[in-house]
Amino acid sequence: MDEECSVLQEEEREALLSIYDGDEAFKQVSPTIYQYKYGEDSDNKSFLLEVEWHDNYPNEAPKINLDMFYNKHIVSSVKENIKDKISKEADHYLGESMTFTLFEFLKDFATELVADQPDKEIIENITKLSIDNDDESAKKTTKKETMSKAQKRKQWDRLDSKGEKPRGYDWIDVVKHLSQTGSSKVVIST
């Protein structure tokens, strides 16, 4: 890690923590990973942005991550659009502290960037349709085994009146078993 980069990172870390102190949307995951949530929790167009600093940050653009569980409802085209816009914005600020600028840039353009995100009802309908299709295909592939009359009769004869196998059906004949294996000779020494 370059000493100049580490000094700039430490200064930016202190600035971010003082600026976003008390802001529930901001979260410091580690000294080099920061998250900011846009929108309300129940809103279908809310998302969480994660910015991770590399060793050469701010001389190199930070890693932008939207692949988190919180963002599972965001369609991939919207995620790619957000990443592209932030990457282009980050290129303008190479060599400078940019995490705050990127967070604020997204605050201004968040509604515009998630405009292509479908409504919650549409997503639920699509997932229900895909789940229903999976169930139908599973039903079609599972075929019940058919048995002939003779096979059914033979199986019925093996069971008692309660539909259970008779007591001792799996017992072994001890005498027959010992005659096949041979007895072990026991030597008694006196």
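Residues numbered from 1 in each chain as written. Predicted model: local features only at pLDDT ≥ 70, side-chain atom pairs only at ≥ 80, totals over all residues. Heavy atoms only, no water.

Going by the annotation in an unreviewed UniProt entry, the name recorded for the chain is RWD domain-containing protein, with Aphis gossypii given as the source organism.

1. Regarding the overall build of the chain
Test applied: Labels follow the DSSP assignment, with helices taken as runs of H or I lasting at least four residues and strands as runs of E lasting at least two, numbered in each case from the N terminus. Residue contacts are counted whenever heavy atoms from the two residues lie within 4.5 Å of one another. Surface accessibility follows the Shrake-Rupley procedure with a 1.4 Å probe radius. Residue values consider only the protein chains on display as shielding.
When you go through the chain residue by residue, the secondary structure sums to six helices and four strands. Each helix (α) and strand (β) of the chain, taken in turn from the N terminus, gives the series α-β-β-β-β-α-α-α-α-α. Intrachain contacts of the chain at a sequence separation of at least 6 include 52% that bridge at least 24 residues. As displayed, the chain offers around 14,200 Å² of accessible surface, 50% of which is attributable to carbon and sulfur atoms.

2. As for the pattern of salt bridges
Condition: We define a salt bridge as a contact between a side-chain nitrogen of Lys or Arg and a carboxyl oxygen of Asp or Glu at a distance within 4 Å. Using a 1.4 Å probe on the protein chains alone, a residue whose accessible area is under 20% of its type maximum counts as buried, one over 50% counts as exposed, and one in between counts as partly exposed.
Taken as a whole, this structure holds three salt bridges when the rule is applied. For the salt bridge of Arg13 with Glu10, the shortest nitrogen-to-oxygen distance reads 2.4 Å. Taken together, the residues Arg13 and Glu10, both in helix 1 (residues 3-19) and three residues apart, mark about one turn of the helix. For Arg13, a relative accessible area of 13% puts it in the buried group. Taking the shortest distance from any N to any O, the salt bridge between Lys83 and Asp67 comes out at 3.7 Å.

3. A short note on the pairing of strand 1 (residues 26-30)
The condition is simple: Only strands joined by at least two bridges in the DSSP assignment are considered to pair.
As paired elements, strand 1 and strand 2 (residues 33-38) share four bridges and run antiparallel to each other. Within strand 2, the residue paired with Ser30 across the bridge is Ile33. What sits between strand 1 and strand 2 in their antiparallel hairpin is a turn of two residues.

4. Things to note about the side chain of Glu12
The condition is simple: Under this definition, polar contacts are N or O atom pairs within 3.5 Å; protein pairs additionally need one hydrogen-donor-capable and one acceptor-capable atom, and for neighbouring residues in sequence, both atoms have to be side-chain atoms.
Of note, Glu12 is situated in helix 1. Among the polar contacts listed, one links the side chain of Glu12 to the side chain of Tyr57, at a separation of 2.8 Å. Excluding its chain neighbours within four sequence positions, the residues that come into contact with Glu12 are Trp53, Tyr57, Ser97, Met98, Thr99 and Phe100.

5. Things to note about the pairing of strand 2
Strand 2 sits mainly inside the fold: five of its six residues count as buried. With six bridges connecting them, strand 2 and strand 3 (residues 47-52) associate as antiparallel partners. Looking across to strand 3, one finds that Ile33 is bridged to Glu52.

6. Regarding the packing of aromatic side chains
Spelled out, the test is: Aromatic contacts are taken between Phe, Tyr and Trp rings whose centres are within 6.5 Å, Trp giving its six-membered ring; a plane angle under 30 degrees counts as stacked, one over 60 as edge-to-face, and the others as tilted.
Applying the stated criterion to the full structure yields 12 aromatic pairs. Taking the centre distance of 5.9 Å and the plane angle of 45° together, the rings of Tyr20 and Phe100 count as tilted. Within this pair, whereas Tyr20 is found in the loop between helix 1 and strand 1, its partner Phe100 is found in helix 3 (residues 99-113), the two being separated by 80 residues in sequence. Ring centres of Tyr36 and Tyr38 lie 5.0 Å apart, and the angle between their planes is 55°; this geometry places the pair in the tilted category. On the accessibility criterion, Tyr38 (5% relative accessible area) is buried. Joined through ring pairs, the aromatic side chains of Tyr20, Phe26, Tyr34, Tyr36, Tyr38, Phe47, Trp53, Tyr57, Phe100 and Phe103 make up one cluster.

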